[in-house]
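One-letter residues, chain by chain:
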Amino acid sequence: MLTLNIYQTLAVAVVALWTGSLLRHKLPILVHFCIPAPVIGGLLFALLSLCCHLFGGLTFKIDYSIEEVCMVFFFTSVGFQANIKTLRKGGRPLIALLTLITVVIVIQNLASIGVANVMGLNSLTGMTAGSIPMVGGHGTAGAFGPVLEKMGVNGATTLTTAAATFGLIAGSLIGGPISERLIERNHLVHHNIDQTGPSFHEAIDESDDEQEEVEKTKHDSPYMVAVFLMIIAVGIGTMVSYALSLTGMTFPIYIGTMIVAAIIRNYGELSNKISIPMAEIDDFGGICLSLFLGMAMVSLRLWELAELALPLVAMLAIQLVIMILYAYFVVFRVMGRDYDAAVITSGFCGFGMGATPNAMANMQAVCDKFRPSVKAYLLIPIVGSMFADFINSMIITFFINVV
């Protein structure tokens, strides 16, 4: 076994990112289908790791400690992007997206249980490939796997983790191509502003007509202010997350940081006492997103998928087909059949089969090719990180008790 410490893991993730970016420039088809650079480079490293495991007996042991740090800082940057005036404009789409994710959670569980029953397995075994690993991802898989094991499902944690790994890959691979096809087939970019328009944070700032430009002195570094504000938000936000956990419900650690970041952003805009360097915060958040996804992808153990039993493979195949059809024919239409709906569809595939960072990476790849979508960048993080896990946990608990 080859052990990589925190610094070596970070270096491998960066090399994977650069490799993915290089291949995106060399192979136009990757850009055409909006495949994120971290996914490309990360999958190559995962395939290398698979070859080492199969032919050389060598396994990489990855240090995951900084992965969570990058994830928390990324979602903190997302929290800074949620100002009140913009959020007020999307009430109905938010409800629609919540309804869509609730329906797909139910469908995922019914489908996996149905396949398991057809193949002679009990319903609880079917839950290992339902919404626990799909919408829930590795976090929910780690939380509910032991619960299923106590209820008699042998190896449930391994099965849910492997299924979550499949979902992580699949959600990243299908989101961009589906969105790209919807945009091109419906000629959506021709009905929107030019793709050389403003960046995401600029679009948000332009939507707030009353926001004033704050004069910066030569001693004020916007990047320094951005990092310091994010560190403060993370420090206070983790305490908020701990307080929320005392309610007995399970919340991701970054929920509190997003809440605190949103409070700081809106207080700064309403009081004009704090200058919020949104461009720099957005840049820093993007770096953290790339590093997080890069480390998540290079740590994939693909041989765990190869060792899965046939029933689990069948359940995962069904989940993939369901997500493609649901995203293409339902999500896009319900969310408005416009450019924003197409970008939201790519994000929906990301957190519907993997995790919210995958959703953000999918949308980032699509927006890099076409143009930013303020609506998508606001709705997907709110639903994916704040509501999806809560709704999923309630529905999973219901299914476990019923079946």
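Parameters at a glance
Residues numbered from 1 in each chain as written. Predicted model: local features only at pLDDT ≥ 70, side-chain atom pairs only at ≥ 80, totals over all residues. Heavy atoms only, no water. Axes fitted to C-alpha atoms, helices over the stretch in contact; angles between N-to-C directions. Helix = DSSP H or I, 4+ residues; strand = E, 2+ residues; numbered from the N terminus. Left-handed = near helix turned anticlockwise from the far one by under 90°. Contact = heavy atoms within 4.5 Å. Nonpolar A, V, L, I, M, F, W, Y, C, P; charged D, E, K, R; others polar. Phe/Tyr/Trp six-rings, centres within 6.5 Å; stacked < 30°, edge-to-face > 60°. Expected span 1.5 Å × (residues − 1). Buried < 20%, exposed > 50% of the residue type's maximum accessible area, 1.4 Å probe, protein only. Salt bridge = Lys/Arg side-chain N within 4 Å of Asp/Glu carboxyl O. Parallel < 35°, antiparallel > 145°, perpendicular 65-115°, else oblique.

Asks: Would you take a moment to explain the packing of helix α4 (residues 65-80) against helix α13 (residues 278-298) for this structure?
Replies: Helix-helix packing: each pair is described by the crossing angle between the helix axes and the interaxial distance. Contact geometry of α4 with α13 gives a least axis separation of 8 Å together with a crossing angle of 145°. Remark: the crossing between α4 and α13 carries left-handed chirality. Listed contacts from α13 to Ile 66, Glu 67, Cys 70, Met 71, Phe 73, Phe 74, Ser 77 and Phe 80 of α4 are Met 278, Ile 281, Phe 284, Gly 285, Cys 288, Leu 289, Leu 291, Phe 292, Met 295 and Ala 296. The residue inventory of the contact of α4 with α13, partitioned by class, reads 15 nonpolar, 2 polar and 1 charged.

Asks: Just checking my understanding: could you explain the side chain of Ser 131 for this structure?
Replies: With respect to the element layout, Ser 131 can be found in the loop between α7 (123-126) and α8 (137-150). Residues contacting Ser 131, with those up to four places away along its chain left out, are Ile 105, Gln 108, Asn 109, Gly 136, Asn 392 and Ile 396.

Asks: Whenever I open this one, the packing of aromatic side chains confuses me. Can you help?
Replies: What describes a pair of aromatic rings is the distance from one ring centre to the other and the angle between the planes of the rings. Taken as a whole and assessed by the stated rule, the structure comprises 6 aromatic pairs. Aromatic pair Tyr 326 and Phe 348: ring centres 5.8 Å apart, planes at 35°, arrangement tilted. Of this pair, Tyr 326 sits in helix α15 (residues 310-334) while Phe 348 sits in helix α16 (residues 339-353); the two residues are 22 residues apart in sequence, bridging distant segments of the chain. Plain terms: the ring middles of Phe 348 and Phe 351 are 5.5 Å apart, the flat faces sit at 55° to each other, and that makes the pair tilted.

Asks: Would you mind going over helix α17 (residues 356-369) with me for this structure?
Replies: Owing to its 3.6 residues per turn, the α-helix brings residues three or four apart onto one side. An ideal rise of 1.5 Å per residue puts 20 Å on 14 residues; α17 measures up with 20 Å between its terminal C-alpha atoms. Burial of α17 is extensive: 11 of the 14 residues sit out of reach of the surface. Along α17, the residues that are buried comprise Thr 356, Pro 357, Asn 358, Ala 359, Met 360, Ala 361, Asn 362, Met 363, Ala 365, Val 366 and Cys 367.

Asks: Just to check I follow, could you spell out the pattern of salt bridges for this structure?
Replies: Pairing between side chains of opposite charge can happen when the charged atoms of each approach one another. Under the defined criterion, the tally for this structure stands at 1 salt bridge. The partner of Glu 180 in a salt bridge is Lys 369, with the nearest N and O atoms 3.7 Å apart. In this pair, Glu 180 sits in helix α9 (residues 156-185) while Lys 369 sits in helix α17, placing the two residues 189 residues apart along the sequence.

Asks: Quick question: what am I supposed to make of the packing of α9 against α16 here?
Replies: Direction vectors running N to C along α9 and α16 enclose 170°, while the axes themselves pass 7 Å from each other. The angle between the axes of α9 and α16 places the two elements in the roughly antiparallel class. Facing Phe 166, Gly 167, Leu 168, Ala 170, Gly 171, Ile 174, Gly 175, Gly 176, Ile 178, Ser 179, Leu 182 and Ile 183 of α9, the residues of α16 in contact are Tyr 339, Ala 342, Val 343, Thr 345, Ser 346, Cys 349, Gly 350 and Met 353. Classifying every residue of the contact of α9 with α16 by side-chain character gives 12 nonpolar, 8 polar and no charged.

Asks: Can you help me understand unusual backbone geometry in this one?
Replies: A negative phi holds for most residues other than glycine; trans holds for most peptide bonds. Even without a glycine there, the phi angle at His 187 is positive, about 50°. Here His 187 lies in the loop between α9 and α10 (200-207). In this structure, Arg 337 is a non-glycine residue whose phi angle is positive, near 60°. Within the secondary structure layout, Arg 337 lies in the loop between α15 and α16.

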